[in-house]
Amino acid sequence: GGPASLSRFRGALVAAVLGDCVGGEFEGAEEVPMESVLQHLSNLDDETKGNGILEYSDDTAMARCVVQSLLTRAGFDEQDMARRFAKEYSMSPGRGYGSGVIQVLKKLSSPQLSDVYQPAKDQFNGRGSFGNGGAMRAAPFALAFPDRDDVKRCARQGAMLTHSCSLGYNGAVLQALAVHLSLRGAIDKPHQFMSKLIKEMEEVEGNEETRNDARILKEAEKPFCERLHRVIDLMDRSNVSIEEVISELGNGIAALHSVPTAIFCVLHCLQPRECLPANYGGLERTIAYSLALGGDTDTIACMAGAIAGAHYGIEAIPQSWIRCCEGAEDAYMNAERLQMLYHRSTLGG
Ligand code: F2R
Ligand code: MG
Ligand code: MG
């Protein structure tokens, strides 16, 4: 489909769920041989194996709250979104949440709470979380709003309900921007796509909070911009090993060590790769490659899936994969509702 087609909305939301569900198998593994990844993915194709349904984790659980909140409130409503996060956690606490964010989700359920942003600000002795929990659920903001400033503002505010460190919420802004641009076909020109991302992030990171957090955490002055330049260096190289990707970009639970990595996975897998089956299309390559990095595989595959899905569209996702993943059908339906909200906003409604 063309820019912002329904196929791209469905691709983004469904592939994010798939990345989370299939990536859960390897989350936390230090080394993941590509053979294990390919075996895991081929089991999805083979219905006789009867593997049952792969459950989604916190990544999708929270993204579903974002989607439901945006649709019900026809825009961003922090009170409503915070309530949904808290309720989802209390109903289903075993989805593999980060150990810190659990405290925030418990506090958000208190009827006495007057400022929904306060629990996140209290995290890690007042420094706030730099985890990737804000970024892993950021894609729906790009699917709800056509205006780039709305995408940036809402992704930031939505992340700040749990992540008040700039290295956490700016990761969510970067992920939402990547999906926003991909939805419009920007990945057709990968270098221009990266230039646009860097230009946006130069502005996003050009403030005192970012400078302070970066100084305290001993990172570059504009940490995400610096990582995006590393992505360009790696994508321009003909041969890059998985070890180099991990050492340059990371594969961890911090937003800084996973959002640029997810972007790299998408760009690296635009072409066929020797280590990946020749019959795989770009979206399958992206998911497989994300898992082979090890580390925070569910979240990196979820974020890379959203960006790649917005690029390739729903037709690129194997039906057998969709059937195996909890929540994929819901994502398929909700993508259409988000597209209606997106176009309503375009018309100024
Ligand atoms: N939590 C996990 N996986 C670990 C084990 C799950 C296991 N499979 C199970 O069965 O239970 N995955 C999920 O968590 C990540 C998103 O985490 P989020 O929402 O950002 O959480 P949190 O707690 O805010 O941050 C994560 C960790 O990062 C470190 N950290 C963050 N900010 C810090 C700071 N300012 N100072 C020091 N450390 C900080 C802490 O270790 C946090 O616990 C996703 O991978 C999702 O899939
Ligand atoms: Mg998870
Ligand atoms: Mg994870």
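Quantities reported herein were computed from a predicted structural model and do not represent experimental measurements.

Basis of the calculations
Residues numbered from 1 in each chain as written. Chains lettered and ligands numbered in written order. Predicted model: local features only at pLDDT ≥ 70, side-chain atom pairs only at ≥ 80, totals over all residues. Heavy atoms only, no water. Donors = N, O, S within 2.8 Å, 3.2 Å for Na, K, Ca; no water. Tetrahedral: all angles 85-135°; square planar, octahedral: opposite > 155°, others 65-115°. Buried < 20%, exposed > 50% of the residue type's maximum accessible area, 1.4 Å probe, protein only. Phe/Tyr/Trp six-rings, centres within 6.5 Å; stacked < 30°, edge-to-face > 60°. Lys NZ or Arg CZ within 6 Å of the ring centre and 35° of its normal. Near = heavy atom within 4 Å. Polar contact = N/O pair within 3.5 Å; in protein donor to acceptor, adjacent residues only side chain to side chain. Areas by Shrake-Rupley, 256 points an atom, 1.4 Å probe, with all protein chains shown as cover. 1 Å grid on protein atoms, 1.4 Å probe; cavity = no way out; pocket = protein on both sides within 12 Å on 5 of 7 lines; lining within 4 Å. Sits in = over half its atoms within 2 Å of the grid points. Helix = DSSP H or I, 4+ residues; strand = E, 2+ residues; numbered from the N terminus. Nonpolar A, V, L, I, M, F, W, Y, C, P; charged D, E, K, R; others polar. Salt bridge = Lys/Arg side-chain N within 4 Å of Asp/Glu carboxyl O.

Undergrad: Would you mind going over the coordination of the magnesium ion (ligand 3) with me for this structure?
TA: When four donors bind a metal tetrahedrally, each ideal donor-metal-donor angle is 109.5 degrees, and when six bind octahedrally, the ideal angles are 90 or 180 degrees. Protein coordination at the magnesium ion (ligand 3): the donors are E27 (OE), D296 (OD), D298 (OD) and T299 (OG1), at 2.0 to 2.3 Å from the metal. One can describe the site at the magnesium ion (ligand 3) as octahedral: its 6 donor atoms subtend angles covering 78 to 176° at the metal. In terms of primary sequence, the donors binding the magnesium ion (ligand 3) are separated according to E-x268-D-x1-D-T. Here the magnesium ion (ligand 3) and the magnesium ion (ligand 2) are spaced 3.7 Å apart, and both take D298 as a donor. An identical accessibility class is assigned to D296 and T299; each is buried.

Undergrad: Any chance you could explain the packing of aromatic side chains here in plain terms?
TA: Two measures describe an aromatic ring pair: the distance that separates the ring centres and the angle between the ring planes. With the rule as written, the count across this model stands at 5 aromatic pairs. Geometrically, the ring pair formed by Y89 and Y97 is edge-to-face, given 5.2 Å between the ring centres and 90° between the ring planes. Taking relative accessible area as the criterion, Y97 reaches 9% and is therefore assigned buried. Directly above the aromatic system of Y56 lies the positively charged group of R95, at a separation of 4.0 Å from the ring centroid.

Undergrad: Help me understand the site of ligand 1 in this model?
TA: Near ligand 1 lie 23 residues; those nearest to it are D59, G100, S129, H163 and D296. Backbone polar atom of G133 to an oxygen atom of ligand 1: 2.9 Å apart, as the coordinates give it. Surface burial for ligand 1 is 71%, taken as the share of its 920 Å² of free accessible area covered by protein chains. When atom positions are compared with the pocket grids, ligand 1 is found to occupy the largest pocket. Put simply, the parts of the chain that give the shell around ligand 1 at least two residues each are α3 (58–73) and α17 (297–312). Considering only residue class, the shell around ligand 1 consists of 6 nonpolar, 11 polar and 6 charged.

Undergrad: Can you walk me through the pattern of salt bridges in this structure?
TA: Two side chains bearing opposite charge may form a pair once their charged atoms approach each other closely. Counting across every chain of the model gives 18 salt bridges. Linking E200 and R148 is a salt bridge whose minimum nitrogen-to-oxygen distance equals 3.2 Å. Remark: R148 occurs in helix α9 (residues 148–160) and E200 occurs in helix α11 (residues 190–204); sequence separation between them is 52 residues. With relative accessibility at 12%, the residue E200 sits in the buried group. On the basis of relative accessibility, which here comes to 27%, the residue R148 falls in the partly exposed class.

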